[in-house]
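What the coordinates show
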Amino acid sequence: MATKSEALHGWLRCETAATLGAWQPAYAMLTHAAANLPLPDDVGLEPAHYGVHVEARRTDGTGHTLLRLGPYTQTWLASRDADRLNTELAGQAATAIPGCTVTAKDDPFNASDHDNYADPYDADVAALLADALAGVSASPDSGSVSATWAL
């Protein structure tokens, strides 16, 4: 016999009172985890996705995105990688791209532009940063960055 919650949600597959002792709607996800059952694909919310953007900015405010990483499914993962990249950049601030400030920041993931994102789980993010910086050439004399911007 289906519980009231199973009838309402259609995906809850265990007796909540037996698992948790008292039913609270907020416990639905915990009920599945406690019973070692798979969670549903659709829990009523679109999944949140986050990204990390590495940007080079000139003193006049113009700039370009050098590297996009994502999607991250948790904001703390994106923040962790942005912090790691900023630490890498701090050691080479003057030489990364002369005339530009290069920083990494966590941003919303733009799903419509997913082809321009590198998967942060497939490679070391520091290596991806090094590759992105290697793909950029700058002219110290003119103070401008050439058209060979990566990504």
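Above this note sits the structure.
A brief report on the enclosed structure follows. (Residues numbered from 1 in each chain as written. Predicted model: local features only at pLDDT ≥ 70, side-chain atom pairs only at ≥ 80, totals over all residues. Heavy atoms only, no water.)

Once that is clear, we can look at the overall build of the chain. For the chain, the count of helices and strands is 5 helices and 5 strands. Traced from its N-terminal end to its C-terminal end, the chain shows the element sequence α-α-α-β-β-α-β-α-β-β. In the chain, once contacts between residues fewer than 6 apart in sequence are set aside, the share between residues at least 24 apart is 59%. With the model as given, the accessible surface of the chain reaches about 9200 Å², and the carbon-plus-sulfur share is 54%. (Helix = DSSP H or I, 4+ residues; strand = E, 2+ residues; numbered from the N terminus. Contact = heavy atoms within 4.5 Å. Areas by Shrake-Rupley, 256 points an atom, 1.4 Å probe, with all protein chains shown as cover.)

A word on the side chain of H53. Mapping H53 onto the fold places it in strand β1 (residues 50–58). Residue H53 is classed as buried on the basis of its relative accessible area of 11%. Here the side chain of H53 touches D107 through a polar contact of 3.0 Å, side chain to side chain. Dropping the residues within four chain positions of it, H53 is found in contact with T65, L67, R68, T103, A104, K105, D107, P108 and Y117. (Buried < 20%, exposed > 50% of the residue type's maximum accessible area, 1.4 Å probe, protein only. Polar contact = N/O pair within 3.5 Å; in protein donor to acceptor, adjacent residues only side chain to side chain.)

Before going further, it helps to spend a moment on the pattern of salt bridges. Applying the stated criterion across every chain yields a total of 6 salt bridges. Here E55 makes a salt bridge to K105, at a shortest N to O gap of 3.9 Å. Here K105 lies in strand β3 (residues 100–108) and E55 lies in strand β1, a separation of 50 residues in the sequence. In this structure E55 comes out as buried when scored by relative accessible area, which is 11%. (Salt bridge = Lys/Arg side-chain N within 4 Å of Asp/Glu carboxyl O.)

On to the packing of aromatic side chains. Given two aromatic rings, their pairing is described by the distance between the two centres and the angle made by the two planes. Within this structure, the stated rule accounts for 2 aromatic pairs. Aromatic pair F109 and Y117: ring centres 4.5 Å apart, planes at 55 degrees, arrangement tilted. With a relative accessible area of 16%, F109 lands in the buried category. A relative accessible area of 10% places Y117 in the buried class. (Phe/Tyr/Trp six-rings, centres within 6.5 Å; stacked < 30°, edge-to-face > 60°.)

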